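So the chains spell out like this:
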Amino acid sequence: VFVVDATFSMNDEIAYLATELTSVMDRVQEAIPGVDIRVGLTVYRNPGMTLAYGLSKSISERADDLRQQRTSGGLEAMIEALDAALEMDWRGGNTARVMFV
C-alpha cells in the first residue's frame, strides 16, 4: 500500500511517484516471477480529505489513480491515511505486507 501526501507541497511530485510506483512493482515482479501482488493507495490532504483506493491486482490502475490526484490543502492528515490503509482487505496468513509512506 502506498500512502501519499497530496497537499500543495507535493504538487510537482505526484506524477513522479506514480512512475515510481510502477517501477518498484515491475522490479518486484522481475525479481520474483509469478509473485501475486496487490497494490493499494491512500492519498491524504487535510483532515477529512483522505481517499483510499483498495487493494487491486492492477498496478497500472493504482498508478493511474495516483496520476489523477490534484494537490490541495496544507494540513497533513497522515494518521487518518495510515488508519485507512490499515483498514484495507490485507491478506492473512504467511504473506508479506508492505506499506510505503
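Structure: see above.
Residues numbered from 1 in each chain as written. Predicted model: local features only at pLDDT ≥ 70, side-chain atom pairs only at ≥ 80, totals over all residues. Heavy atoms only, no water.

1. Let's talk about the layout of surface pockets
To keep it simple, the criterion reads: A pocket, in this scheme, is an open set of points on a 1 Å grid over the protein atoms alone with protein on both sides within 12 Å along at least 5 of 7 lines, while a cavity is a set where a 1.4 Å probe fits but cannot get out; residues line either one if an atom lies within 4 Å of a point. Grid points are joined across faces, edges and corners, and a volume is the space filled by probe spheres set on the points. The helix and strand labels rest on DSSP assignments: H or I over at least four residues marks a helix, E over at least two residues marks a strand, and numbering proceeds from the N terminus. Under the scheme applied here, ten amino acids are nonpolar (Ala, Val, Leu, Ile, Met, Phe, Trp, Tyr, Cys and Pro), four are charged (Asp, Glu, Lys and Arg), and all others, including Gly, are polar.
Looking at the largest pocket, its volume works out to about 460 Å³. For the largest pocket, the lining is made up of 19 residues, of which Ile 37, Arg 38, Ala 96, Arg 97 and Val 98 are closest to its centre. By volume, the second largest pocket amounts to about 220 Å³. Sorting the residues of the lining of the second largest pocket by element identifies strand 1 (2-5) and helix 1 (14-31) as the ones contributing at least two each. Looking at the lining of the second largest pocket, its residues break down into ten nonpolar, no polar and two charged.

2. Quick notes on the side chain of Thr 7
Short version of the rule: Think of it in three bands: with a 1.4 Å probe and only protein chains considered, a residue is buried below 20% of the maximum accessible area for its type, exposed above 50%, and partly exposed in between. Any pair of nitrogen or oxygen atoms within 3.5 Å is treated as a polar contact; in protein, a donor-acceptor pairing is required on top of that, and neighbouring residues in sequence qualify only through side-chain atoms on both sides. Contacts are residue-level and defined by heavy atoms, with any inter-residue pair within 4.5 Å sufficient.
Tracing the backbone shows Thr 7 in the loop between strand 1 and helix 1. You can call Thr 7 buried: its relative accessible area is 1%. Within the structure, the side chain of Thr 7 is placed 2.6 Å from the side chain of Asp 5, a separation counted as a polar contact. With sequence-adjacent residues up to four places away left out, Thr 7 is seen in contact with Tyr 44, Arg 45, Thr 71, Ser 72, Gly 73, Gly 74, Leu 75 and Glu 76.

3. Thoughts on the sheet that holds strand 3 (residues 51-56)
To keep things clear, this is the line we draw: The pairing criterion is simple: DSSP has to find at least two bridges between the two strands. Lines fitted to C-alpha atoms define the axes, with helix axes restricted to the stretch in contact, and inter-axis angles between N-to-C directions lie between 0 and 180 degrees.
In space, the three strands of this open sheet follow the order 1-2-3, with mixed pairing throughout. One side of each edge strand has no neighbouring strand; the edge strands of this open sheet are strand 1 and strand 3. Direction aside, the axes of adjacent strands within the sheet are offset by 15° on average. Bridge count between strand 1 and strand 2 (residues 39-44): four bridges; the pairing is parallel. Among the inter-strand pairings, Val 3 is bridged to a residue of strand 2, identified as Thr 42.

By themselves, these observations are geometric and do not establish any function.
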